[in-house]
Structures are given as structure tokens and as C-alpha cells.
Amino acid sequence: MQSESIHSNIEFQNIDDLTTIADWIRFSMSECARHNIFLGHGTNNLWDECEHLVFLALDLPLLMSPEQKQLLYPTTLLQEERSKIASWLQLRTREAKPLPYISNVSWFAQMPFYVDERVLIPRSPFAELIENGFTPFVDGHFAPANVLDMCTGSACIAIALAQHFEDAVIDAVDIDMHALEVAAINIGDYQLEERVYPIQSDLFESLAGQKYDLIIANPPYVDAQDMGDLPSEYHHEPEHALASGNDGLDLTMQIMMQAVEHLQDDGWLFVEVGNSEVNFADRFGDLEVTWCELKKGGSGIFAISKAQLIAQQDILDDLE
């Protein structure tokens, strides 16, 4: 009966010949290639994608040495284990569902987080800046007391910030209550309820009087053209967390206009705009910001201090 369950999930001949972990990784690679799946939610090659799928379906840790994995590859699987992998593979290939939504696990800054389709799958290059303490913008001896993670989603950035700045209090803000439900799960998993606070707010609307040493903003930034060209996998993600007007910078504009009132005198604002960096000059003209150098991949994060925002207030005023 279990064999029939496998066949009902995926119609393949000789599926009963797939008995080991290695068999299923190899078979998954063939199927993913045949369905031309898009990689962009945690892996950049088919081997890693399919190994992760099989290991996560079997509740095996991903962080093992190559030698440990080699010992597991020949392992014979139970029928129920094979059925689960087959079901996951169907979701990944036939429905183009990203693996993190199937497994409910995504990694950011070398930490696992719970995710589902209420939030974007973490993939921000902010991880590198957090790990480096935001140098060279922030003095290495500077310890921020209050930090804002704007558009927090799963709270992965807020939690990574709390782990790096061990004495900081983090406000994790999002307009979407469904996203904040996921954020609360992750905050609880890391036992950070006393330092990371999920807050529902339309940008700064509910933050009157609050000032921060750092504001980290990862707002929706996909422009209209890119929204129309997104691979199928991205259509599983909440559209309102991706799209931001014709040039992708509508929310970035609002953040730039309002941030100065919420920064301490020596505070910094960091904003991710991704591919919409190419539209930045058209929208913001002569506004001077510093684009962060990212050595681990990714792009489109700029930094600007409160002093720089004040000095260029006339440019911002002209944009309204």
C-alpha cells in the first residue's frame, strides 16, 4: 500500500528501485532539471537543492561534514520516508513551490528560521553587514542600544541583529499582522522576547517619538517590469512584500522622507533596494548615499547617516 502511495504522488516507472538516499538525490536532480526549476531561495546548484530536499524530508541536519554525508548516502530508506520525499519532490517540481516553504525552514546569517507563505523567504545580503558589525560605517567600538528592523517579515534580520549586538533592543516592524505571527514564532524559538519586539506599523506610523541608533530597512523593492518577469517560484511569496510601484522605490522614498525624525544624532539608515538600484538615480537624482560593498554576493544596499540626511534635506524636499 505504501508503494501505491508513492506512485500516486509521482507517476514514474520503476520508482520502487529508488531505495537509498543517493538514489533519491540523483532522481530529484533529474526531475528538477526536467521541470526547469528556478534556484533562488537558498541554493545555487541542483545538487545542493536536491540534497537539502532529501535531508530535510528525512529530518537530517544539513550541517554535516562531507565524510558524515558519505556514510549516509547508501542508507536504505523506509517506504514512508520514500513517500514523503516523493511528495516533497512533487511540490517542488510540479507546483514550483520553493523548498523553504515545503520544509518550513530557511537559513539566514547561518541560523535557521521558520518560514511559510505569510513571509518572504530570507535571502538578504544584510547578513554580511550584520556579521561585520556594519563597518566601516559604524565604529567598531559602537554598541547600538536601540535598533529598528523595518519591514521585518520573518524577523530574521531583527534576530540576527540581536545576536550580534547582544545588548541592543530591536523593534521588528511590519504592516502585515500575518507576517508578524511568523516573526513571533522565530522570536520565541530564539528566546528573544525580552529584546526583540514585533510591532504592527505602516512604516513609522506607530513609532511616534521613537529614535534609533540604526534603522535597517528591507522594504518591497521589485519594480513593475521585474514583477512581470518573476519565475513561478516567486509567485508563492506574498506579492505585497515584493512590489513597490513602477520603479520599485515607492516605499524607499517614504522611508527616506521619514527616517531623519527617528534617528539618533549619530544614527545611520541602511536600505536594501536590490535590482532597483538601477532606478535609484532617476528617482533620487543628486542625493548622495554610499552603496555598500558586499563580498559574499548580492547588491543594492545603501547607507546614509542622519547628518547626511539633514544636509541634503532640500533635495528630499524637492522630491515630494
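You'll find the structure just up there.
What comes next concerns the included structure. The structure displayed is predicted, hence computed values, not measured ones.

1. What about the side chain of Thr152?
With respect to the helices and strands, Thr152 occurs in the loop between strand 3 (146-150) and helix 8 (156-164). When its relative accessible area of 5% is taken as the criterion, Thr152 is described as buried. In contact with Thr152, other than residues within four places in its own chain, are Ala158, Ala172, Val173, Asp174 and Leu180.

2. Regarding the environment of Ile315
Looking at the secondary structure, you find Ile315 in helix 14 (residues 313-319). For the pair formed by Ile315 and Gln254, sequence separation is 61 residues and the distance between their alpha carbons is 14 Å. Beyond its immediate chain neighbours, meaning those up to four positions away, Ile315 contacts Phe284, Asp286 and Leu287.

3. Quick word on the state of the cysteines
In a disulfide, the sulfur atoms of two cysteines are covalently bonded to one another. Counted according to the given criterion, the structure contains zero disulfides. The thiol sulfur of Cys32 is not disulfide-bonded, and the nearest other cysteine sulfur, from Cys50, lies at 3.8 Å. Take Cys32: its relative accessible area is 1%, and that puts it in the buried class. Cys151 supplies the cysteine sulfur nearest to Cys156, a cysteine that is in no disulfide, at a spacing of 12 Å.

4. Section: the sheet that holds strand 8 (residues 290-291)
The strand order across the open sheet formed by seven strands is 5-4-3-6-7-9-8, and the pairing between neighbours is mixed. The outermost strands of the open sheet, each flanked by one partner alone, are strand 5 (196-200) and strand 8. Across five bridges, strand 7 (residues 263-272) lies against strand 9 (residues 301-305) in antiparallel orientation. Paired with Glu272 across the two strands is Ile301, which belongs to strand 9. The sheet contacts of helix 11 (residues 250-259) involve strand 3, strand 6 (212-217), strand 7 and strand 9, and relative to strand 7 the element is tilted by about 175°.

Procedures and definitions
Residues numbered from 1 in each chain as written. Predicted model: local features only at pLDDT ≥ 70, side-chain atom pairs only at ≥ 80, totals over all residues. Heavy atoms only, no water. Helix = DSSP H or I, 4+ residues; strand = E, 2+ residues; numbered from the N terminus. Buried < 20%, exposed > 50% of the residue type's maximum accessible area, 1.4 Å probe, protein only. Contact = heavy atoms within 4.5 Å. Disulfide = S-S within 2.5 Å. Pairing = 2+ DSSP bridges. Axes fitted to C-alpha atoms, helices over the stretch in contact; angles between N-to-C directions.

These figures capture arrangement, not role.
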